[in-house]
Amino acid sequence: MIEERRWPMGSKKSVIHAGEGVISDIKWRGNYIVWANDAAVHVYDNTVKKRISCVSKEQSNLIPKLVPCRLHWKNDNTLIIGWEYCVKVCVVKDTYPLTSDPAHPMSTPSKFMEVVSVSKLDCLVCGVATFRDSLVVLGYVLEEQDKKTGVPSRNALAPQLLVINANGFDGEPTELSRDMLPMKGYQIYNCNDYRLESEAGDCTYYVVAPMDIIEAKKRTIDDRIEWLMTKERFEDALEQAKKAVTHLSRISVLDVGLRYINHLIEKKMFEAAARQCYIVLGNEHKEHWEDVITSFMVKKQIQAIRPYIPQKNPVLGKHIYEMVLNEFLNTDTKLLLDTLKEWQQGVHALFDLQTIVNAVEEKLKNSDTSEQQGLLEVSGYLYSLQGEFDRALRVYLQLKHTDVFDLIQRHNLWHALLNNLMNLLDLDVERTVKILVLKREAILPAKVVKELETQGRPDYLHKYLDALFQEDSKCGSEYHEMQVELYAKFEREKLLPFLRLCNDIPLQKALDVCNQFKLVEEMIFLLGRMGNIKEALKLITEQLQDVDKAIWFAMDQDDDDLWEDLIKYSRTKPKFITGLLNNVGTHIDPTRLIEQIPSQIEIPHLRDSLVKLLQDFSLQIALRVGCKKILVKDRWVYICVVHSTYICT
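Every chain's residues receive numbers from 1 upward, in the order its sequence appears when written. Note on the predicted model: pLDDT of at least 70 is required for a residue's local features to be given, and 80 or more for side-chain atom pairs to be given and counted; whole-chain, interface and lining totals, by contrast, use all residues. The side-chain numbers reported here are obtained from all heavy atoms of the structure, hydrogens and water having been left aside.

(A) Spotlight on the nonpolar core. We call a set of buried Ala, Val, Leu, Ile, Met, Phe, Trp, Tyr and Cys residues a nonpolar core when their side-chain atoms join them within 4.5 Å. A simple rule labels every residue: compare its accessible area, found with a 1.4 Å probe on the protein chains alone, to the largest value its type can have, and call it buried under 20%, exposed over 50%, or partly exposed in between. Judged by nonpolar contacts, the single largest core of 90 residues is most densely connected at I293, F296, I305, F351, L452 and Y464. Only heavy atoms enter the contact rule, under which two residues are in contact if any of them lie within 4.5 Å. Those residues within four positions of I293 in sequence are excluded, and the remaining contacts are I302, I305, I309, L316, I320, M323 and V324.

(B) Just helix 10 (residues 353–365), in detail. Here a strand is any run of E in DSSP of at least two residues, a helix any run of H or I of at least four, and the numbering for each starts at the N terminus. A helix is expected to reach a length of 1.5 Å times the quantity of its residues less one. When the terminal C-alpha atoms of helix 10 are compared, their 19 Å separation across 13 residues agrees well with the 18 Å that a helix rising 1.5 Å per residue should span. Among all positions in helix 10, only L353, I356, V357 and V360 are buried. Buried residues of helix 10 fall within an arc of 100 degrees about the axis and therefore sit on the same side. Relevant arc is that of directions from the helix axis to the C-beta atoms, nothing else.

(C) A look at the packing of aromatic side chains. We call Phe, Tyr and Trp rings a pair once their centres come within 6.5 Å, taking the six-membered ring for Trp, and we label the pair stacked below 30 degrees between planes, edge-to-face above 60, and tilted otherwise. Following the criterion strictly, the structure yields 9 aromatic pairs and no others. With a centroid separation of 5.7 Å and 80 degrees between ring planes, the pair formed by Y189 and Y194 is classed as edge-to-face. By relative accessible area, which is 5% here, Y189 ends up buried. Take Y194: its relative accessible area is 0%, and that puts it in the buried class. Measuring from centroid to centroid gives 5.2 Å for Y321 and W343, while their planes differ by 85 degrees, and the two rings are edge-to-face.

(D) Molecular detail of the environment of Y396. Looking at the secondary structure, you find Y396 in helix 12 (residues 389–399). The spacing of Y396 and Y381 is 15 residues in sequence and 8.8 Å in space, taken between C-alpha atoms. Those residues in contact with Y396 that sit more than four places away from it in its chain are E377, G380, Y381, H401, D403, V404 and L407.

(E) Focus on a nonpolar patch on the surface. Patch criteria: residues need more than 30% relative accessible area and no salt bridge. Like-charged residues are merged within 9 Å; nonpolar side chains of Val, Leu, Ile, Met, Phe, Trp and Tyr are merged within 5 Å. Only the protein chains shown count as cover for residues, and all accessible areas are computed by the Shrake-Rupley method using a 1.4 Å probe. Between Lys or Arg on one side and Asp or Glu on the other, a salt bridge is scored when a side-chain nitrogen of the former is within 4 Å of a carboxyl oxygen of the latter. A surface patch of nonpolar side chains, about 410 Å² in accessible area, is lined by W636, V637, I639 and V641. Tracing the backbone through its elements, the reader meets V641 in helix 28 (residues 606–648). Exposure remark for V641: the relative accessible area of 47% places this residue in the partly exposed category.

(F) Just the sheet that holds strand 6 (residues 50–56), in detail. Note on pairing: two strands pair once DSSP finds at least 2 bridges between them. Across the sheet, 4 strands lie side by side as 3-4-5-6; this open sheet has antiparallel pairing. Each having just a single partner strand, strand 3 (25–29) and strand 6 make up the two edges of the open sheet. Across this sheet, the average inter-strand angle for adjacent strands is 15 degrees, counted without regard to direction. Sheet analysis places strand 5 (residues 40–45) next to strand 6, joined by 6 bridges and oriented antiparallel. By the bridge assignment, Y44 is partnered in strand 6 with R51. Lines fitted to C-alpha atoms define the axes, with helix axes restricted to the stretch in contact, and inter-axis angles between N-to-C directions lie between 0 and 180 degrees.

(G) Looking closely at the pattern of salt bridges. Counted according to the given criterion, the structure contains 31 salt bridges. Taking the shortest distance from any N to any O, the salt bridge between E84 and K57 comes out at 3.3 Å. Of this pair, E84 sits in the loop between strand 8 (78–83) and strand 9 (86–94) while K57 sits in the loop between strand 6 and strand 7 (70–73), and the two are 27 residues apart along the sequence. Look at K57 and you get buried, because its relative accessible area is 17%. Between E175 and R178 there is a salt bridge; the shortest N-O distance is 2.8 Å. Judged by its relative accessible area of 30%, R178 falls in the partly exposed class.

(H) Local environment of the side chain of D25. Its location among the elements puts D25 in strand 3. For D25, a relative accessible area of 7% gives the class buried. Under the rule applied, a polar contact is a pair of N or O atoms within 3.5 Å (in protein, one hydrogen donor and one hydrogen acceptor; residues adjacent in sequence only if both atoms are side-chain atoms). For D25, the side chain forms a polar contact with the side chain of R195, separated by 3.5 Å.

(I) A look at the pairing of strand 9. Bridge analysis of strand 8 against strand 9 gives 6 bridges, and the strand direction is antiparallel. The residue bridging I80 from the neighbouring strand is V89, located in strand 9. Here strand 8 folds back onto strand 9 in antiparallel fashion, the turn holding 2 residues, of which E84 has a positive phi close to 55 degrees. Judged from the 9 bridges that link them, strand 9 and strand 10 (residues 111–120) form a sheet pairing that is antiparallel. Counterpart to K93 in the pairing with strand 10 is F112.

(J) Broad picture of the packing of helix 13 (residues 403–411) against helix 16 (residues 429–438). In the contact formed by helix 13 and helix 16, the axes pass within 11 Å of each other and the chain directions differ by 10 degrees. By the criterion of interaxial angle, the relationship of helix 13 to helix 16 is roughly parallel. Every residue of helix 16 that contacts helix 13 at F405, D406 and Q409 is listed here: R431, T432 and I435. Working definition: roughly parallel below 35 degrees, roughly antiparallel above 145 degrees, roughly perpendicular at 65 to 115 degrees, and oblique for all remaining angles.

(K) Broad picture of the sheet that holds strand 17 (residues 212–217). One open sheet accounts for 3 strands, arranged 15-16-17; its pairing is antiparallel. Two strands bound the open sheet, and with one partner strand each, they are strand 15 (195–198) and strand 17. Each adjacent strand pair in this sheet contributes to an overall mean axis angle of 20 degrees, direction not counted. Bridging between strand 15 and strand 16 (residues 204–209) involves 4 bridges; their strand directions are antiparallel. By the bridge assignment, L196 is partnered in strand 16 with V207.

(L) Expanded view of the packing of helix 7 (residues 318–331) against helix 10. Contact geometry of helix 7 with helix 10 gives a least axis separation of 11 Å together with a crossing angle of 15 degrees. Between helix 7 and helix 10, the angle falls in the class roughly parallel. Pair helix 7 / helix 10 crosses with right-handed handedness. Listed contacts from helix 10 to E322, L325, L329 and N330 of helix 7 are T355, I356, A359, V360 and K363. Polar here means any residue outside two lists: the nonpolar Ala, Val, Leu, Ile, Met, Phe, Trp, Tyr, Cys and Pro, and the charged Asp, Glu, Lys and Arg; Gly therefore counts as polar. Looking at the contact of helix 7 with helix 10, its residues break down into 5 nonpolar, 2 polar and 2 charged. Throughout, a crossing is termed right-handed when the near helix is turned clockwise from the far one, and left-handed when it is turned anticlockwise from it by less than a right angle.

In structure tokens, the structure reads:
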């Protein structure tokens with residue numbers, strides 16, 4: 001029945017449909033009224049005062065009052081029908097071809113409703129609505145054995161809210177989302193106890209039950225991010241938050257990052273959590289940095305976040321830095337030392353240095369032997385930071401730690417180097433000697449030599465004087481005589497090059513030292529420098545028995561008497577004769593050598609040696625002849641030039 005109010009005649013009631021039972025749902029939109037009963041859905045056009053369409057219910061065994069029809073207008077011409085396991089989309093269209101009977105202008109309706117889509121679902125429809133171009137369905141889920149009756153045989157399941165896309169008549173609907181709604185008392189409800197209502201023009205939906213109402217709204221980016229976090233997809237949530245930072249309202253990128261960090265800490269993924277701290281907190285958020293570091297401390301995992309703890313931008317509270325250092329003092333002294341070295345720049349601004357020194361000293365008093373090594377190393381470094389270099393030096397020397405050299409060079413502690421010279425040499429002789437040589441103006445060589453002589457360490461004295469000579473051969477020249485014996489004792493291979501370079505060494509004393517240590521090559525050199533070349537040749541032939549060296553020595557001296565001595569010595573030695581025949585053809589007259597060879601002596605490879613000797617001699621003769629020709633020609637040219645000049649004048 002429809003009631004129309006007219007002024008001034010009152011109202012008029014008209015029955016538009018009757019005889020098909022109870023109306024389960026009714027909707028009015030624009031010019032159209034649509035209602036549903038147990039048999040069909042009827043559409044009434046109020047402009048022509050007639051029903052224009054009827055959509056019949058499909059055959060089923062379900063009880064109609066338990067599974068009522070649900071209606072929803074999408075717009076002025078589109079109707080959504082939800083009935084049992086089916087959702088239909090219907091559109092009001094114009095009738096064509098239009099009849100134009102002037103006598104009966106209203107005989108045929110100009111509109112009709114057409115079903116354009118049918119979607120089959122796996123649940124009963126409790127309500128329908130639309131979301132943009134999709135359908136929203138409130139579904140009543142039944143177990144498989146209850147789908148024919150529509151009544152649950154035991155406790156009912158919770159209803160579900162579906163978002164689907166209809167795909168015409170043949171295709172299955174595309175399900176976009178499905179959410180279970182655990183409403184209060186759902187175990188005892190039937191399908192007809194639920195309804196789905198929506199506000200026109202607003203994406204807000206209400207799921208209504210006898211004891212509960214749920215409001216559903218369009219998901220925002222905040223909802224999306226919160227959902228991702230509930231699924232522990234924090235990386236995706238953080239990425240989404242960074243991309244949509246200007247559209248966030250309830251949460252922020254920082255909130256997501258902090259929840260991600262806490263999640264990683266709870267999952268004991270401490271390394272990953274520490275990296276996220278650096279990414280999320282960056283150079284800001286001092287309070288959050290302090291809170292996170294405290295969380296790591298509680299979990300006994302402070303070493304994981306140590307590389308990322310900021311030292312500036314922001315500077316944290318001193319108690320945080322001291323807490324970290326104290327933790328390392330009790331657990332890992334090596335990590336404590338590494339941390340102190342990393343934080344040394346502006347160290348006094350980060351924490352109270354004296355507090356840490358006191359804590360280390362107290363720990364050192366109560367520590368066992370196994371811990372003292374690391375604690376002493378830390379205390380030495382702290383003393384150097386305090387400027388107490390003598391205490392630091394004593395600690396490093398006690399530890400025999402090479403950092404003592406860095407301490408000396410960094411703070412110019414040259415007096416300490418000389419006072420602890422033997423300890424430093426025992427620790428690292430090469431490094432100590434290098435410093436002594438480089439800083440010879442501050443640490444005079446005379447003081448170093450005196451100290452080493454006093455201590456009776458000629459090996460260290462040799463290394464020092466050798467390095468000093470290599471750096472500056474003139475510096476320490478007063479010790480060159482001493483160095484001859486030192487080289488003879490410790491590095492014989494360096495003595496001959498040293499003798500060649502030094503011209504201020506007493507030759508006789510050097511010769512006596514070499515004779516004492518049986519250093520023949522060095523004696524040969526010194527005898528040659530002293531002019532006693534015959535004695536030098538005697539050493540070569542008798543001591544070394546090296547014919548090649550003897551020949552080269554004779555060539556170098558270019559002394560005729562020396563050649564004669566060498567030939568006389570070689571007369572009875574075939575090896576020496578062969579060497580002379582092979583090498584002296586261009587230096588002496590070959591007949592001089594050949595005439596002195598005894599006739600009965602056997603000389604290996606004599607023929608080859610003689611051939612080479614003659615070839616060398618012939619070559620020498622050819623060179624002399626060639627040179628003579630060149631000289632004569634040059635003299636003739638010169639005479640001609642002089643003669644021409646004389647005539648012209």
